[in-house]
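Tertiary structure, described
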Amino acid sequence: MAVVHSVLLLWTLTVLVVLHSVQLSRAQAHHRNWNEAQLPKCKKLLTRKEWRTLTQSEKAEWVKAVKCLASIRHERLSFAKDHTVLEGKRSLYDDFSYTHALVEHSAHRNAYFLPWHRWFTHLFDTSLRETCGYSGPTPYWDWSRDHKDLFHSPIFEDSHEYGLGRNGDPELDCAVTTGAFASFELAWPIPHTLRRNLTLLTGWYPHELPQNRTLTPEYVRNATEQTTGDFFRFQGHMALLHNHVHNFVGGDLAGSCPQAIPEDHCNGMADSFTPNDPLFWLHHAQLDRLWNEWQRRDPSNFAAFSGMPLVAQDMSDPSYDVDANADHMMPFDIRSVSVPPKAVFDTEAWPLCYRYADEETPVLE
Ligand SMILES: *[C@@H]1O[C@H](CO)[C@@H](O)[C@H](O)[C@H]1NC(C)=O
Ligand SMILES: *[C@@H]1O[C@H](CO)[C@@H](O)[C@H](O)[C@H]1NC(C)=O
Ligand SMILES: *[C@@H]1O[C@H](CO)[C@@H](O)[C@H](O)[C@H]1NC(C)=O
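Computed from a prediction, not measured in an experiment: that's the story for all the values here.

What counts, and where the lines are drawn
- Residues numbered from 1 in each chain as written.
- Chains lettered and ligands numbered in written order.
- Predicted model: local features only at pLDDT ≥ 70, side-chain atom pairs only at ≥ 80, totals over all residues.
- Heavy atoms only, no water.
- Near = heavy atom within 4 Å.
- Polar contact = N/O pair within 3.5 Å; in protein donor to acceptor, adjacent residues only side chain to side chain.
- Areas by Shrake-Rupley, 256 points an atom, 1.4 Å probe, with all protein chains shown as cover.
- Pairing = 2+ DSSP bridges.
- Helix = DSSP H or I, 4+ residues; strand = E, 2+ residues; numbered from the N terminus.
- Axes fitted to C-alpha atoms, helices over the stretch in contact; angles between N-to-C directions.
- Buried < 20%, exposed > 50% of the residue type's maximum accessible area, 1.4 Å probe, protein only.
- Parallel < 35°, antiparallel > 145°, perpendicular 65-115°, else oblique.
- Left-handed = near helix turned anticlockwise from the far one by under 90°.
- Contact = heavy atoms within 4.5 Å.
- Nonpolar A, V, L, I, M, F, W, Y, C, P; charged D, E, K, R; others polar.
- Salt bridge = Lys/Arg side-chain N within 4 Å of Asp/Glu carboxyl O.
- Disulfide = S-S within 2.5 Å.

Structural notes on the site of ligand 2
Close to ligand 2 lie Leu200, Asn212 and Arg213. Contacts to ligand 2 include Asn212, whose side-chain N or O atom sits 2.2 Å from an oxygen atom. Bound to the protein, ligand 2 loses 33% of the 360 Å² it would expose on its own.

Concerning the sheet that holds strand S1 (residues 46-50)
Spatially, the three strands line up as an open sheet ordered S2-S1-S5, and their pairing is parallel. Edge positions in the open sheet fall to strand S2 (138-140) and strand S5 (354-356), since each of these has one partner strand only. Averaged over all pairs of adjacent strands, the angle between their axes in this sheet comes to 30 degrees, without regard to strand direction. With three bridges connecting them, S1 and S2 associate as parallel partners.

Describing the environment of Thr55
Relative to the assigned elements, Thr55 resides in the loop between S1 and helix H3 (56-71). With relative accessibility at 41%, the residue Thr55 sits in the partly exposed group. It is 9.6 Å that separates the C-alpha atoms of Thr55 and Tyr162, two residues lying 107 residues apart in sequence.

Concerning the packing of helix H6 (residues 113-132) against helix H11 (residues 279-297)
Interaxial distance between H6 and H11 falls to 10 Å at its minimum, and their mutual angle equals 125 degrees. In terms of orientation, H6 lies oblique with respect to H11. At the point where H6 passes H11, the crossing takes the left-handed sense. Mapping the contact onto sequence places Phe113, Leu114, Pro115, His117, Arg118, Phe120, Thr121 and Phe124 in H6 and Phe280, Trp281, His284, Ala285, Leu287, Asp288, Trp291, Asn292 and Gln295 in H11. Its residues assigned to classes, the contact of H6 with H11 shows ten nonpolar, five polar and two charged.

Points about the site of ligand 1
The full set of residues close to ligand 1 is Asp173, Cys174, Asn197 and Thr199. The side chain of Asn197 places a nitrogen or oxygen atom 2.3 Å from an oxygen atom of ligand 1. In the complex, the protein chains occlude 44% of the 370 Å² of accessible area that ligand 1 would expose alone. Along the lines of polarity and charge, the residues of the shell around ligand 1 split into one nonpolar, two polar and one charged.

Overview of the pattern of salt bridges
Applying the stated criterion across every chain, the model contains 15 salt bridges. A salt bridge links Asp346 to Arg296; its shortest N-O distance comes to 2.9 Å. Here Asp346 is found in the loop between helix H12 (299-302) and S5, whereas its partner Arg296 is found in helix H11, with 50 residues between them in sequence. For Asp346, a relative accessible area of 24% translates into the label partly exposed.

Looking at the state of the cysteines
Overall, the coordinates contain two disulfides when judged by the stated rule. Paired through a disulfide, Cys42 and Cys353 show a sulfur-sulfur distance of 2.2 Å. The disulfide joining Cys42 to Cys353 has a torsion of about -85 degrees about its S-S bond and is therefore left-handed. Here Cys42, found in the loop between helix H2 (26-29) and S1, pairs with Cys353, found in the loop between H12 and S5; they are 311 residues apart in sequence, far enough to count as distant. A residue is classified by how much of its surface remains accessible, and Cys42, at 23% relative accessible area, is partly exposed. Across the disulfide, Cys68 is cross-linked to Cys132 (sulfur-sulfur distance 2.0 Å). For the disulfide bridge between Cys68 and Cys132, the dihedral angle about the S-S bond is near -80 degrees, and by the sign convention the bridge is left-handed. Of the two residues, Cys68 sits in helix H3 while Cys132 sits in helix H6, which places them 64 residues apart along the sequence. What makes Cys68 partly exposed here is its relative accessible area of 23%.

What about the packing of helix H8 (residues 217-225) against helix H9 (residues 231-249)?
Here H8 crosses H9 at 160 degrees, and the two axes come no closer than 8 Å. Comparing the axis directions of H8 and H9 gives the class roughly antiparallel. For the element pair H8 and H9, the recorded crossing hand is left-handed. Counted together, Tyr219, Val220, Ala223 and Thr224 of H8 and Phe234, His237, Met238, Leu240 and Leu241 of H9 form the full contact between these two elements. The residue inventory of the contact of H8 with H9, partitioned by class, reads seven nonpolar, two polar and no charged.

Printed below as a string of structure tokens:
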């Protein structure tokens, strides 16, 4: 009982810190059930928009807010359980990479992948707004619009003010030297600047499909239409698209180690620091948008959540989690409130309170 109580107390305190703009009574905060009838209502819905539909000044504002988080130094790692003070210049931005790494195993290759990242992306968005005064739309990158020529996607723009930058320079360990994030300083896994290494094939796997065959409107449509009621299979497709964008962009987004780290020290180390590239947030908002669309396509999708396959002969797949449960509290870090998947099913309800702007569906050939 004491444990439950302190969890609730921590939960309450953190909600008040993270989402202090939301008026929340003690009684409401102590409700253990995420029962719609008892939750506060959204005061307004924030809007999420495709990056290329933002105006230049909206893009510039978003870039400025990200750089603002990255300019706020704080030495103590709030995410570490023991509050360890670590050496070096670290920023509030770096904390997101760190927490992603800290709970890596709880957030990937399992049933919690989509709900965990929905909440994580929301926490980042909330930080931009509450700490750095951002008030514009939350951007996502619909990469399927660019499948014909991913290398020349308009996401990769030069502008120092609003551009996310182009590919890295192979002579400089793939450091990004263009756009607003040129020489963007990062702390993890060692201090370095943002890197990208665009590629269609990583050469890591046999029979690898080039990314321009998977990141397509047709693949997305199939994944959405052919998985009705089956969260496990839908999420499997999202995980593949997720990996393909990380791997296509390469460098920090693919978790490749900076050259300064000896190869044999690198194994599995950089993997988890993928939020180093601000593209991380636009990519995860896109996956979140696809999940949201899938949820609203069919009533059996909305609250579908499962680590279980529908097809019994697939039970040998080690990624199935027979205990996956929409009430399970997903682990985050000590600064962030922990939530169960069912608390984030409805993006248009408290505590999320956002919607995706209608987008014209790209024409399929
Ligand atoms: C960039 O990616 C290519 C594969 O497309 C690889 O051969 C090369 O080593 C990578 N460069 C760096 C600096 O990681
Ligand atoms: C993918 O890109 C390669 C290299 O540019 C090209 O040869 C191939 O036709 C593309 N495939 C698709 C399906 O667009
Ligand atoms: C989409 O589904 C159709 C029908 O099953 C199939 O013929 C097609 O190859 C699929 N396309 C992709 C990209 O998976």
